[in-house]
Each structure stands twice: as structure tokens, then as C-alpha cells.
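Summary of structural features
Read off the chains here:
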Amino acid sequence: MIYDLVITNIGQLLLPDQGPLKGGAMKQLAVEKQRALGIKDGRFAWIGSHEEGASLPAREKVDAEGKVVSPGLVDPHTHLVFGGSREGEMVLKQAGVPYLDILKQGGGILSTVKSTREETEAELFDKAKKHVRQMAAHGVTTLEAKSGYGLDRETEWKQLKVVKHLNEQGDIDIVSTFLGPHAIPLEYKGKSDAFLEEMIAMLPEIKKQNLAVFTDIFCETGVFTIEQSKHFMEASHQLGFQTKIHADEIDSLGGTELAAGLGAVSADHLVAASKQGIKQLAEGETTAVLLPGTTFYLGKDTYADARSMIDQGAAVALATDFNPGSCVTHNLQMIMSLAALKMKMTPEEIWNAVTVNASHAIGQKAGRIVKGKPADFVLWDVPNYQYIPYHYAANHAKMVWKNGRKVYERMDADVF
Ligand SMILES: [Zn+2]
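Let us look at the structure shown here. None of the values given here were measured: they were computed from a predicted structure.

1. Observations regarding the coordination of the zinc ion
All of the protein donors around the zinc ion are His77 (NE2), His79 (NE2), His246 (NE2) and Asp321 (OD); their distances to the metal are 2.0 to 2.7 Å. If you look at the zinc ion, its four donor atoms make angles of 78 to 165° with each other, and the shape they trace is irregular. Of note, the donors binding the zinc ion are all from one chain and are spaced H-x1-H-x166-H-x74-D. With His77 in the loop between β6 (73-75) and α2 (89-94) and His246 in strand β10 (residues 242-247), the pair connects residues that are 169 residues apart, well separated along the chain. Of the residues examined, His77 reaches a relative accessible area of 0% and is grouped as buried.

2. Thoughts on helix α4 (residues 109-118)
An α-helical segment advances 3.6 residues per turn. Residues three or four places apart therefore align on the same side. Here α4 lies mainly inside the structure; seven of its ten residues are buried. Taken residue by residue, α4 has Ile109, Leu110, Ser111, Thr112, Val113, Ser115 and Thr116 as its buried positions. Residues of α4 that are buried make contact with α2, α3 (99-104), α5 (121-137) and α6 (153-169).

3. Points about the sheet that holds β6
Spatial ordering of the open sheet is given by β6-β7-β8-β9-β10-β11-β12-β13, a layout of eight strands whose pairing is parallel. The open sheet has two edge strands with one neighbour each: β6 and β13 (316-318). Both β10 and strand β11 (residues 266-269) contribute to a ladder of four bridges, which runs parallel. By the bridge assignment, Ile245 is partnered in β11 with Ala267. Here α6 sits on the sheet and contacts β7 (140-146) and β8 (173-178); the angle it forms with β8, its principal contact strand, is near 165°.

4. Structural notes on the packing of α5 against α6
In the contact formed by α5 and α6, the axes pass within 10 Å of each other and the chain directions differ by 50°. In terms of axis orientation, α5 runs oblique to α6. The element α5 and its partner α6 pack so that their crossing is right-handed. Of α6, the residues touching α5 (which contributes Glu121, Leu124, Phe125, Ala128 and Lys129) are Lys158, Lys161, Val162, His165, Leu166 and Gln169. By residue class, the composition of the contact of α5 with α6 is five nonpolar, two polar and four charged.

5. Section: helix α14 (residues 332-343)
In terms of residue burial, α14 counts as a mostly covered element, since nine of its twelve residues are buried. Residues of α14 that are buried include every one of Leu332, Gln333, Met334, Ile335, Met336, Ser337, Leu338, Ala339 and Met343, and no others. Sitting at the head of α14, Asn331 places a side-chain oxygen 2.9 Å from the backbone nitrogen of Gln333. Of the residues trailing α14, Lys344 is marked for its positive phi of about 60°.

6. Regarding a nonpolar patch on the surface
Together, Met90, Phe296, Tyr297 and Val328 make up an exposed nonpolar region whose accessible area comes to about 370 Å². With respect to the helices and strands, the residue Phe296 is situated in helix α12 (residues 292-297).

Conventions we followed
Residues numbered from 1 in each chain as written. Predicted model: local features only at pLDDT ≥ 70, side-chain atom pairs only at ≥ 80, totals over all residues. Heavy atoms only, no water. Donors = N, O, S within 2.8 Å, 3.2 Å for Na, K, Ca; no water. Tetrahedral: all angles 85-135°; square planar, octahedral: opposite > 155°, others 65-115°. Helix = DSSP H or I, 4+ residues; strand = E, 2+ residues; numbered from the N terminus. Buried < 20%, exposed > 50% of the residue type's maximum accessible area, 1.4 Å probe, protein only. Contact = heavy atoms within 4.5 Å. Pairing = 2+ DSSP bridges. Axes fitted to C-alpha atoms, helices over the stretch in contact; angles between N-to-C directions. Parallel < 35°, antiparallel > 145°, perpendicular 65-115°, else oblique. Left-handed = near helix turned anticlockwise from the far one by under 90°. Nonpolar A, V, L, I, M, F, W, Y, C, P; charged D, E, K, R; others polar. Polar contact = N/O pair within 3.5 Å; in protein donor to acceptor, adjacent residues only side chain to side chain. Patch = residues over 30% accessible without salt bridge, like charges linked within 9 Å, V, L, I, M, F, W, Y side chains within 5 Å. Areas by Shrake-Rupley, 256 points an atom, 1.4 Å probe, with all protein chains shown as cover. Salt bridge = Lys/Arg side-chain N within 4 Å of Asp/Glu carboxyl O.

Next up, the structure:
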């Protein structure tokens with residue numbers, strides 16, 4: 001057999017175990033030295049020693065030069081599709097203008113809603129495509145994308161269609177989530193129940209047209225209550241959706257307990273998760289998706305208690321939360337650094353959190369290097385896997401492959 005591609009001279013090959021990895025299992029990460037990979041028809045076809053790999057017949061060979069190869073990263077929480085941008089708010093925030101005042105001036109999430117309603121599907125598509133390319137350039141080969149900047153039927157629909165077309169037309173797998181109940185639009189001020197019913201009424205058609213796998217709701221003081229979130233999640237389950245929830249980000253309302261109790265696929269944020277909530281995560285099937293980039297970007301000091309979650313036995317995943325207001329980055333590697341620096345996660349836990357656990361949090365079978373599975377992987381320009389969380393905010397990806405096709409290669413200018 002002639003392989004399509006053989007990667008030789010891999011210094012460290014990272015082989016996360018099948019997820020979800022809970023608690024102590026997150027500390028285990030198989031790392032094999034001096035390995036090689038053979039790819040055929042978009043899949044991993046052979047895994048073995050560097051010496052054997054060097055003699056395999058192949059159409060293309062890549063010398064990894066003793067560096068690190070990992071599975072493609074999975075980003076399980078992004079708000080990918082949105083109109084406009086909000087860089088103007090940065091100086092207002094610096095001046096100490098409260099978020100609610102920014103909101104009253106037409107800024108904040110409602111300005112993104114306005115822009116997203118105004119922009120055409122084609123405009124939103126082109127912007128989102130650029131973001132996906134940037135994420136892929138940072139090593140992400142599978143990601144989740146939420147709607148939630150329309151807050152009306154027409155625009156939520158437009159966002160979901162953009163995600164569908166991005167998934168169909170591009171190389172990166174994009175898993176769609178309907179987040180209609182993300183905020184309460186101006187026209188429904190004081191009428192959140194009526195707005196929620198409007199969003200619930202969209203669910204059958206979304207299901208019929210297969211426009212989303214998951215539903216999600218923003219459960220927080222001043223947005224949706226625990227009772228409203230429960231109602232929405234139960235309505236989603238009845239129609240065959242799996243559920244996610246933005247839970248306990250600011251106030252400890254009990255969204256974590258709700259998610260674990262209802263068997264949601266993930267509970268996200270969890271900065272203010274209670275002890276009871278963490279216990280229930282450890283006992284249940286719900287993955288904790290932590291977003292330290294958001295805590296950092298909002299300038300807060302208290303991060304989600306990843307240590308308690310893992311030490312008590314929960315499955316933890318990490319995501320960027322890429323969005324135009326509270327975390328503006330494509331770089332999941334930066335999030336890996338924040339997880340190490342601010343949440344005291346070990347390098348092994350971090351790698352499992354951005355591969356197999358992230359994949360599990362969006363119902364995918366990605367995040368592993370296994371014979372016969374799609375060849376999604378990254379060659380990192382680093383001497384060992386611990387180096388990526390250590391050297392923060394850089395892009396260490398040298399080459400990125402999705403289904404055996406190279407989707408990114410770093411161009412180094414020949415300046416020296
Ligand atoms: Zn979010």
C-alpha cells in the first residue's frame with residue numbers, strides 16, 4: 001500500500017484515552033516517543049515507530065523534527081456567528097462605566113443583536129468563515145457554534161443557516177447549538193416568559209430541518225431563571241434535542257445542579273457553581289465546560305474551581321467562548337495557559353480537556369489518534385506537550401490536518 005501521507009520523527013505523540021475522562025482519569029495521558037503516522041483516504045491507517053515509518057511508501061512525507069503531534073483540538077463553546085464588533089466599549093469599561101449603562105446606551109449584547117439582524121446571511125457567513133480559518137490555524141479541527149444574537153425567529157434562523165453552510169462547505173466540523181434564549185430582546189422587556197415561548201415554538205422546525213443538535217439557555221440573574229431554564233430544557237428533551245446551559249457564571253443560582261439533574265450534555269461557565277453542584281457533576285454524566293478566557297477578559301479574579309471539580313471526580317473540558325463581548329480570541333492554546341495559571345490544571349488534564357472531553361461535550365468522537373478514525377491532527381513547533389500551556393498567547397501550531405488534508409501551514413518569513 002502507498003500511504004497518502006506519512007509523518008516521521010515525531011518526538012512525542014499524544015494519545016488521549018477514550019472520553020469522557022472523569023476526575024483522576026484526566027491525569028492520564030499516553031505519550032509515545034519517536035513515533036510515525038501513516039494516513040490513507042483521510043484516516044489514520046498506521047501508527048508505529050519512526051524507523052518503520054521512514055521506510056513506508058508514501059506520496060508525501062513530513063519530518064516532524066522531533067516535535068509534538070496531538071489530535072486536532074476541539075473547541076466546545078463558541079458564539080461564532082455575529083454581526084459588528086464592540087472594540088469601542090473597551091475605553092468605556094476602562095473608565096468604569098457599568099455594563100448596564102453601556103447596555104442602556106445601546107451597547108453590549110444588544111448592539112451585537114442589532115448588527116446581526118442588519119447584516120445579510122452572506123455577510124455573516126464570510127465573517128464567520130474567517131473566524132473558523134483562524135481557529136483552524138490555532139489547531140482546532142472541530143468546534144461548536146451557537147446562535148443567540150438574533151433573539152427573533154428570522155435572525156436566529158439566519159445564524160443557524162450560516163453554521164449549517166459553514167459545516168457543509170468547509171473542512172472543519174462545526175456542531176450547531178440553538179441558543180435562542182441568550183438574552184431578552186428590547187421588544188420583550190419585562191416579558192421574558194412570552195419571549196421564551198416564542199423561542200420554544202421554533203424548536204420543532206429546527207429539529208425537522210436538522211439545524212441544531214443542542215439547545216442552550218443563559219441562566220443568570222436578570223436573564224432566565226432556574227424555572228424558565230428547566231422548562232426550556234425539558235421542552236428541548238421532549239423534541240429530541242440534547243441540552244447545554246450557561247450556568248452559575250456570576251450568581252450561584254443552581255444551574256449546575258439543574259444540568260446534572262436533567263442529564264444535560266454540558267454545563268458551561270460554572271464560576272459560581274456550588275459544592276452540591278460540583279458533587280452532582282461528579283456523580284452524573286454532564287461535562288463541565290470551563291471558560292477561563294471569559295473570566296480573564298472580563299477582568300475578574302475568581303475563576304471556576306476546576307481543581308475541586310476534577311478532584312471530586314467530574315469531567316472537565318475547556319473552550320474559548322469566542323464571542324464579540326466577553327472573550328475575543330480564536331486561540332484555544334491561550335485558554336490552555338489560563339487553565340494552568342489560573343485554575344491549576346496539570347498539562348495532562350489540560351490536553352484531555354481540549355481533546356476527548358471537549359469532544360464528548362459536543363457529542364462527537366473526535367480528539368483522538370486511533371487507527372481507522374479521521375486523521376485530524378496537529379504538528380506543534382514545541383519540544384514537549386507541557387510547553388504549550390507554559391509559553392502563553394503564542395500560536396505554536398506548525399501544520400494542521402483535517403480528514404488527512406492540510407488546512408494550515410505556518411509560513412516563516414526568512415529574515416535571518
Ligand atoms: Zn457562551
